[in-house]
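# Analysis of the macromolecular model
Each chain, written out:
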Amino acid sequence: EGVGPQEYTLIKMKIYKINSKILSDLLKNKNAFLVAATLRPETMYGQTNCWVHPDISYIAFECKNGDVFICTERAARNMSYQGFTAVDGKFDILARFTGQELLGCCLKSPLTSYEFLYALPMLTIKADKGTGIVTSVPSDSPDDYAALMDLKKKQPFREKYDITFEMVLPYQPVPILEIPELGNLAAVSVYEKLKIQSQNDKDKLAEAKELVYLKGFYEGVLLVGKHKGCKIQDVKKLIQSELLASNEAVIYYE
Ligand code: A2H
């Protein structure tokens, strides 16, 4: 971990339909979002789903512009000191629930080619980092690809969390950036090369991230969107500012 504060881009994944009756009533007529913390805003073209931890506790709170954000209480508190709420340091908790209540939630997210995405379980999410919500880009994140493959391959895992096959079957990694030697689905190629078995394959996943991450940043070239053909290093900040300008993302520090 570095010394200074870490900057995250929070992607506003808009709730389209939520299964929980209580939450659905509470959020009726509101702009409500699962807010996912990412270091890679330039990969949002490849989102296939959202990750939440079934056992982590989340809250809903209202921002000063009326948006309702869902994230951990810890993240909400940090946001309340970063100008998100009407009164500095204050946030009203509209509801408190576990990630279980969010599973299967149908979302709309910026830049992705999929019209709707689902909130699915990931058991390696940490409660004390970011918002506790992660957006999934299986083409370029080995963690995301491993967790998606777990759901695709393991029926008992889907059943345990009431995830239907339709929530995972149509969702394939999207080729969004080309990395020399790793191709256009870098996470898939290292997953196969290292024979990763599950999202809990800690050591191999750490190695996979090592292989993909720096090389992607320094040598990756975008294959889609309006910056198609540009190097990642040159457009990362630009894509971030476009997401901020369209109010589809916000900056968050911790
Ligand atoms: B990244 P760092 Cl394409 N628990 O976003 C576990 N992982 C979390 C998290 C949490 N509470 N909060 C955020 N993350 C993930 C995209 C991505 C990410 C790609 C490739 C690599 C990558 C799409 N998922 O991260 O510990 C989020 O996933 C590689 C580490 O603060 C976030 O960026 O460095 C990253 O980990 C933040 O991790």
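Refer to the structure above for everything that follows.
Below: a short report on this structure. (Residues numbered from 1 in each chain as written. Predicted model: local features only at pLDDT ≥ 70, side-chain atom pairs only at ≥ 80, totals over all residues. Heavy atoms only, no water.)

### Remarks on helix α5 (residues 186–193)
Within α5 the residues assigned to the buried category are Ala186, Ala187, Val188, Val190 and Tyr191. Buried residues along α5 sit in contact with α3 (142–153) and α6 (202–219). At the C-terminal side of α5, Lys195 shows a positive phi close to 55 degrees. (Buried < 20%, exposed > 50% of the residue type's maximum accessible area, 1.4 Å probe, protein only. Helix = DSSP H or I, 4+ residues; strand = E, 2+ residues; numbered from the N terminus. Contact = heavy atoms within 4.5 Å.)

### Looking at the site of the ligand
Of all residues adjacent to the ligand, which total 15 residues, the nearest are Tyr8, Thr38, Lys129, Thr135 and Asp144. In the environment of the ligand, a nitrogen atom lies 2.8 Å from a nitrogen or oxygen atom belonging to the backbone of Lys126. In the environment of the ligand, a nitrogen atom lies 2.7 Å from a nitrogen or oxygen atom belonging to the backbone of Thr135. Considering the ligand on its own, with 700 Å² of exposed area, one finds that the protein chains cover 86% of that surface. Contributing elements (two or more residues each) for the shell around the ligand: β2 (32–38) and β9 (133–136). (Near = heavy atom within 4 Å. Polar contact = N/O pair within 3.5 Å; in protein donor to acceptor, adjacent residues only side chain to side chain. Areas by Shrake-Rupley, 256 points an atom, 1.4 Å probe, with all protein chains shown as cover.)

### What to know about the pattern of salt bridges
A complete count under the given rule lists 15 salt bridges for this structure. Among the ionic pairs, Arg40 bridges to Glu42, the shortest N-O distance being 2.7 Å. Grouping residues by exposure puts Arg40 and Glu42 together as buried. The salt bridge involving Lys226 is made with Glu242; its shortest N-O contact spans 3.3 Å. A residue pair is termed long-range when its members are at least 10 positions apart, and Lys226 in the loop between β11 (221–222) and α7 (232–245) and Glu242 in helix α7 qualify at 16 residues. Given a relative accessible area of 66%, Lys226 falls into the exposed group. Three or more residues are tied together by salt bridges with common partners; here these are Arg40, Glu42 and Lys236. (Salt bridge = Lys/Arg side-chain N within 4 Å of Asp/Glu carboxyl O.)

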